[in-house]
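A structural walkthrough
What follows is each chain in one-letter form.
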Amino acid sequence: MSNSSPRPLNPPYRVLMGPGPSNIHPRVQQAMAAPLLGHLDPYFTNVMDDTVTLLRALFRTENRLTFPISGTGSAGMEAGFCNFLEPGDIAVIGVNGLFGERMVDNAQRCGAEVVPVTSEWGRIIDPEAIEEALKSQKRVKLLALVHAETSTGALQPLAEASRLAKQYEALFLVDTVTSLGGHEVAVDDWGIDICYSGTQKCISCPPGLAPFTANPKALATLEARTRKVQSWYLDLSLLSSYWATGRFYHHTAPICMVYALYEALRIITEEGLEARIERHLRNGLALHHGLEAMGLTLHAQEGHRLNVLTTVRIPPGIDDLKIRQGLLNEFSIEIGGGLGPLKGKIWRIGLMGHSSTEANVLLILYALEKLLAKEGYPIEPGAGTTAASKALEEK
Ligand SMILES: *Cc1c(COP(=O)(O)O)cnc(C)c1O
């Protein structure tokens, strides 16, 4: 056996412009290096209280049950389904991308019967189709939608769906993993009963926590369950006994991740939620203008495009991997490729949280211009960056 020490850890610095994680603020990085405390230490329980207060402001909710679940965004998704669905329940779920599909899988694993409402990947779910699905069943327990479909770049309108959920007496569950902290999300005003997110997208924290909130109506459903929640780890009544109602040990909270989230939420408060959403809008639109000026086609339905994640079609004859490798190796930029039916057809460019800057908009356009020109794509040098800087100046 060799006695040389294993390689030191020395990851390169990347500009993270994919579908998440986004870059983190140096203050968030620093927060994770703060001294470790016990999970019942009075100092730490104060941090928990303050984190919950800041999360309520971010979700725009008064919900008492609001806290970060230990685990990534998918843990939030699983908690959203396994606590509220029992075998035999009916769930209507919007499916227009990978995360809608993942919701269906979650609901089916809970033994629920799923009525999917589908739409092409890149288009929104039509409210009329939602109503048809709700109408077709005797009693729908839950209506679930993905607000920001990270696999397609589409932003789902929620107002009409929320109204329909109330009319048909179904709980309204919304995935805001990619929208929270980048697009407007207003849990109480929008009548959302159950909502979860993730830390590594527009909140700009490392992956590892899933902010979660549920209102009293949802909790009444939880209390009325006829059998225990099948997941011990994600059982909201057990989690509440640590986060909300007492300080009873359930599992050891990931202390350093909570530090990171607290710091990230402090940064969001300092910037102001409205200013932050405005920043994502301005940079997102500038990127859209820049890409179109390069002769590229945006993939998501017009009028329903995300500002935090842009999907753009790969021009014919251009090698997907070659361009993405060029971005990584020559510019140290990460972007995402397409998933499922969009594999090899689109790129996904994130401008989330700390990564949503004017500098990054211009950098990605410059890098794409260079790499595409090298591949023989007909392009006027500077077309994308010029259009984007014009858009940035106008705003
Ligand atoms: C990223 C994402 C998830 C899953 O989050 P993980 O942190 O990867 O587990 C769920 N829903 C949406 C819309 C996402 O973008």
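Residues numbered from 1 in each chain as written. Predicted model: local features only at pLDDT ≥ 70, side-chain atom pairs only at ≥ 80, totals over all residues. Heavy atoms only, no water.

Across its full length, the protein carries 13 helices and 14 strands. Here the C-alpha atoms of the protein give a radius of gyration of 22 Å, agreeing with the 21 Å that 2.2 N^0.38 yields for 395 residues. The C-alpha extent of the protein, read off along each of the three principal axes, is 65 × 60 × 55 Å. The 395 residues of the protein split such that 57% are buried. Taken as a whole, the protein presents about 17,300 Å² of accessible surface, with 53% of it coming from carbon and sulfur. (Helix = DSSP H or I, 4+ residues; strand = E, 2+ residues; numbered from the N terminus. Rg over C-alpha atoms; globule rule 2.2 N^0.38 Å. Buried < 20%, exposed > 50% of the residue type's maximum accessible area, 1.4 Å probe, protein only. Areas by Shrake-Rupley, 256 points an atom, 1.4 Å probe, with all protein chains shown as cover.)

For strand β11 (residues 309-313), the buried fraction is high: four of the five residues fall into the buried class. Bridge analysis of β11 against strand β14 (residues 346-350) gives five bridges, and the strand direction is antiparallel. Among the inter-strand pairings, Thr-311 is bridged to a residue of β14, identified as Arg-348. (Pairing = 2+ DSSP bridges.)

Within strand β5 (residues 142-146), five of the five residues are buried, which leaves the element mostly enclosed by the surrounding structure. A two-sided burial pattern is seen for β5, the buried positions comprising Leu-142, Ala-144 and Val-146 on one face and Leu-143 and Leu-145 on the other. When β5 meets strand β8 (residues 171-175), the two strands line up parallel, connected through five bridges. In the strand pairing of β8, Val-146 is matched with Asp-175.

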